[in-house]
Amino acid sequence: MAKSSKDYFGLSWIVSIILAIIPFTSWICGAVVRFQEGKIVAALIRLIFGFTIVWLLDLISMIVKHKICRILNF
C-alpha cells in the first residue's frame, strides 16, 4: 500500500483543486490515487461512476476539507 496523501499525488492544494475542477482529470486522478492506496473497489467505482456524483463529492471535499473524498473507502 502506498502512503496516503491529502491531495492528488502529494501535489499542492491549488494544483489539486485545478485537477479536481476538470471532470476528466478528476476522474483519472481519483482512480489512480485509489489504486495506489490499494482500494481496488473504490477505484473501479470511480472509473465507472466518475463523471457523476463522485466528481461532485471530490470537488466539494477538495474545497472544504483540502483532501479527496474518503466516502468510498473500501
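Since this is a predicted model, take the numbers as computed values, not measurements.

## Examining the overall build of the chain
At step 1: Counting its regular elements, the chain contains four helices and zero strands.
At step 2: From first element to last, N terminus to C terminus, the chain shows the α and β order α-α-α-α.
At step 3: Looking at the chain residue by residue over its 74 residues, the buried ones come to 36%.
At step 4: Here the chain displays about 4,400 Å² of accessible surface, and carbon together with sulfur accounts for 78% of that area.

## Comments concerning the environment of Ile17
At step 1: On the secondary structure map, Ile17 appears in helix α1 (residues 13-21).
At step 2: Classification of Ile17 by relative accessible area gives buried; the value is 12%.
At step 3: Each C-alpha atom, one on Ile17 and one on Asp7, is 8.7 Å from the other, the two residues being 10 residues apart in sequence.
At step 4: Contacts of Ile17, omitting those with residues within four sequence positions, involve Met62 and Ile63.

## Side note on the side chain of Ser26
At step 1: With respect to the helices and strands, the residue Ser26 is situated in helix α2 (residues 23-36).
At step 2: Look past the residues within four positions of Ser26 in its chain and what remains in contact with it is Tyr8, Leu19, Ala20, Trp55 and Asp58.

## Thoughts on the confidence of the model for the chain
At step 1: The pLDDT averaged across the chain works out to 77; a share of 80% of its residues lies at or above 70.
At step 2: Ranking the elements of the chain by mean pLDDT puts helix α4 (residues 53-65) last with 79 and α2 first with 85.

Rules of the game
Residues numbered from 1 in each chain as written. Predicted model: local features only at pLDDT ≥ 70, side-chain atom pairs only at ≥ 80, totals over all residues. Heavy atoms only, no water. Helix = DSSP H or I, 4+ residues; strand = E, 2+ residues; numbered from the N terminus. Buried < 20%, exposed > 50% of the residue type's maximum accessible area, 1.4 Å probe, protein only. Areas by Shrake-Rupley, 256 points an atom, 1.4 Å probe, with all protein chains shown as cover. Contact = heavy atoms within 4.5 Å. pLDDT = per-residue confidence, 0-100.

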